[in-house]
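Topology and contacts: notes
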Amino acid sequence: MEQAQLQPRVHPQETPIMEFSRLNVIYNEGQPNQVHALKDASAVIYPGEFISIIGPSGCGKSTLLHTLDGLNRLSSGKIRIDGREVNGPGGDRAMVFQDFALMPWHTVYENIAFGLRLEGKPKSYIREKVMHYIRMVGLEGFDGKYPHQLSGGMKQRVGIARAFAVEPKILLMDEPFSAIDEQTREIMQEEVLKLMLIEKKTVIFITHSIDEAVFLSNRILLMTVRPGTVVEELEIDIPYPRTLETKLLPKYQEYKSRVWDHLKGEVKRQYQKGEV
Ligand SMILES: Nc1ncnc2c1ncn2[C@@H]1O[C@H](COP(=O)(O)OP(=O)(O)OP(=O)(O)O)[C@@H](O)[C@H]1O
């Protein structure tokens, strides 16, 4: 694979793949236990971007991601994909979960095939897709195994293959590597990056790890404390493919410091609001 091919396809003149504007999510609205989780969150995302979302604990990151997947009721705001307003889940998006969310009674093959079966795809098509993504995530020979027979890293490979198999335009990843050991995590970061570039996907990724966000993203959306909103966008101007050497660049450390400063500021605000 030539390096030039492995660059995110981000062209400012390109039409956004996703726009969300002034999203508000209020849980238990009108009840005494009402929680204003998301407040006027907005951003524009272009095809081929790898976007990370970073913010203090409990600021509404997962709420934002689930809302973009169409799983939360919006109190107000709009989500557009390819210029078209969407109001619920759709085949243009797929989610990768922190806890893998695999069906324990199904084999690796069946877990990956699940979404394709729901879509009513023919058997031969399903077989071809499932085996393709099993190869792509390095799980050859494991198609007949059950989730309990796999390590955490392997389980998440299944989660990733399942998301890719339905061929969404946008992958929504909610802390996908946080339950995986450090060494496997670094390997999987590089693999996901390569996979999304080869398969030309757009990724929206939540993480608590500043290092992970800077390493993977071409842009980071920084959120405030709850009610969370996107206050700043940080462009990570470092070419892909990124390798372990990338982490030694002074620029890399500067980006990390900027994200860290933002987080420190927000955590201080959280203390002042008496929420920690
Ligand atoms: N279903 C729900 N009902 C009521 N409140 C909720 C619900 N889901 C989340 N919340 C609240 O909304 C706020 C935002 O939660 P969310 O999980 O989106 O934050 P987060 O930034 O992803 O958190 P973390 O960093 O801990 O993963 C929190 O105060 C949380 O308790």
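Residues numbered from 1 in each chain as written. Predicted model: local features only at pLDDT ≥ 70, side-chain atom pairs only at ≥ 80, totals over all residues.

Here we look at the packing of helix α4 (residues 152-165) against helix α5 (residues 182-198)
Packed helices, taken two at a time, are described by the angle their axes make and the gap between the axes. Rules: Axis definition: a line fit to C-alpha positions, over the contact stretch in the case of helices; interaxial angles, taken between N-to-C directions, run 0 to 180 degrees. What counts as a helix is a DSSP run of H or I of at least four residues, what counts as a strand is a run of E of at least two, and both are numbered from the N terminus. For classification purposes, an angle smaller than 35 degrees is called roughly parallel, one larger than 145 roughly antiparallel, one from 65 to 115 roughly perpendicular, and anything else oblique. By definition, any crossing whose near helix is turned counterclockwise from its far helix by less than a right angle is left-handed, and any crossing with a clockwise turn is right-handed. The contact criterion used is a C-beta to C-beta distance within 7 Å, with each C-beta placed from the backbone. Under the scheme applied, nonpolar residues are Ala, Val, Leu, Ile, Met, Phe, Trp, Tyr, Cys and Pro; charged residues are Asp, Glu, Lys and Arg; polar residues are all the others, including Gly.
Contact pair α4 / α5: the axes reach a minimum separation of 11 Å and the direction vectors enclose 15°. Of the possible angle classes, the one that applies to α4 and α5 is roughly parallel. Taken as a pair, α4 and α5 cross one another with a handedness that is right-handed. Here Gly153, Gln156, Ile160 and Phe164 of α4 lie close against α5, whose contacting residues are Thr184, Met188, Val192 and Leu195. Taken together, the residues that form the contact of α4 with α5 break down as five nonpolar, three polar and no charged.

Quick notes on the site of the ligand
Formally: Using a C-beta atom placed from the backbone, a residue is described as near a molecule or strand when that atom lies within 6 Å of it.
Lining the immediate surroundings of the ligand are 13 residues, of which Tyr27, Ala37, Lys61, Ser62 and Thr63 lie closest. Elements represented by at least two residues in the shell around the ligand include exactly β2 (35-45) and α1 (61-68). By residue number, the principal contributor to the shell around the ligand is α1, which donates three residues. Along the lines of polarity and charge, the residues of the shell around the ligand split into four nonpolar, seven polar and two charged.

Topic: the pairing of strand β8 (residues 202-206)
So the rule is basically this: For every residue, the other C-beta atoms within 10 Å of its own C-beta are counted; 20 or more classify it as buried, 12 or fewer as exposed, and values in between as partly exposed. C-beta atoms are placed from the backbone. Paired strands, in this sense, are two strands between which DSSP finds at least two bridges. The crossover handedness rule: strands pointing away from the viewer, path from first strand over the helix to second strand clockwise, crossover right-handed.
Within β8, five of the five residues are buried, which leaves it mostly tucked inside the rest of the structure. Pairing between strand β7 (residues 170-174) and β8: five bridges, direction parallel. Residue pairing across strands places Asp174 opposite Ile206, the latter belonging to β8. Handedness of the β-α-β unit built from β7, α5 and β8 comes out right-handed.

Some details on helix α7 (residues 250-272)
This is how it is decided: To estimate the expected span of a helix, subtract one from its residue number and multiply by 1.5 Å.
In this model, α7 (23 residues) spans 33 Å end to end at C-alpha, consistent with the 33 Å of a helix rising 1.5 Å per residue. All of the buried residues in α7 are Tyr255, Val259, His262 and Glu266. The inward-facing, buried residues of α7 contact β3 (50-54), α6 (210-216), β9 (219-223) and β10 (230-235). Gly274 sits one or two residues past α7 and shows a positive phi near 75°.

Thoughts on the pairing of strand β4 (residues 76-81)
Judged from the five bridges that link them, strand β1 (residues 18-27) and β4 form a sheet pairing that is antiparallel. Residue pairing in the sheet places Ser21 in a bridge with Lys78 of β4. Pairing of β4 with strand β5 (residues 84-85) involves two bridges; the strand directions are antiparallel. Among the inter-strand pairings, Arg80 is bridged to a residue of β5, identified as Glu85. Hairpin connection, β4 to β5: the antiparallel pair is bridged by two residues, and Asp82 has positive phi, about 50°.

Thoughts on the sheet that holds β4
Spatially, the four strands line up as an open sheet ordered β2-β1-β4-β5, and their pairing is antiparallel. The open sheet has two free edges, formed respectively by β2 and β5, since each of these has just one partner strand.

Some remarks on the UniProt feature "domain: ABC transporter" (unreviewed entry) in the chain
For clarity, the cut-off: UniProt positions are given in the numbering used here, feature names are shortened, and annotations may be inferred rather than shown by experiment.
Feature annotation in UniProt assigns "domain: ABC transporter" (unreviewed entry) to the following positions: residues 20-250. The distance separating the terminal C-alpha atoms of residues 20-250 is 33 Å; by composition the span is 31% helix and 25% strand.

Things to note about the nonpolar core
Threshold: Structurally, a nonpolar core is described as a collection of buried Ala, Val, Leu, Ile, Met, Phe, Trp, Tyr and Cys residues joined by way of C-beta atoms within 7 Å.
The biggest cluster of nonpolar side chains holds 70 residues, and the ones touching the most others in it are Ile112, Ala161, Leu171 and Ile204. Those residues in contact with Ala161 that lie beyond four places of it in its chain are Ile112, Tyr133, Ile134, Met136, Val137 and Leu139.

Quick look at unusual backbone geometry
The linkage connecting Arg226 with the following residue, Pro227, adopts the cis geometry, with an omega of -5°. Residue Pro241 is bonded to the preceding Tyr240 through a cis peptide linkage, with omega at -5°. Locating Pro241 in the fold gives a position in the loop between β10 and α7. Even without glycine at this site, Asp40 takes up a positive phi of about 50°. Residue Asp82 is not a glycine yet carries a positive backbone phi of 50°. Structurally, Asp82 is set in the loop between β4 and β5. Given 13 C-beta atoms within 10 Å, Asp82 falls into the partly exposed group.

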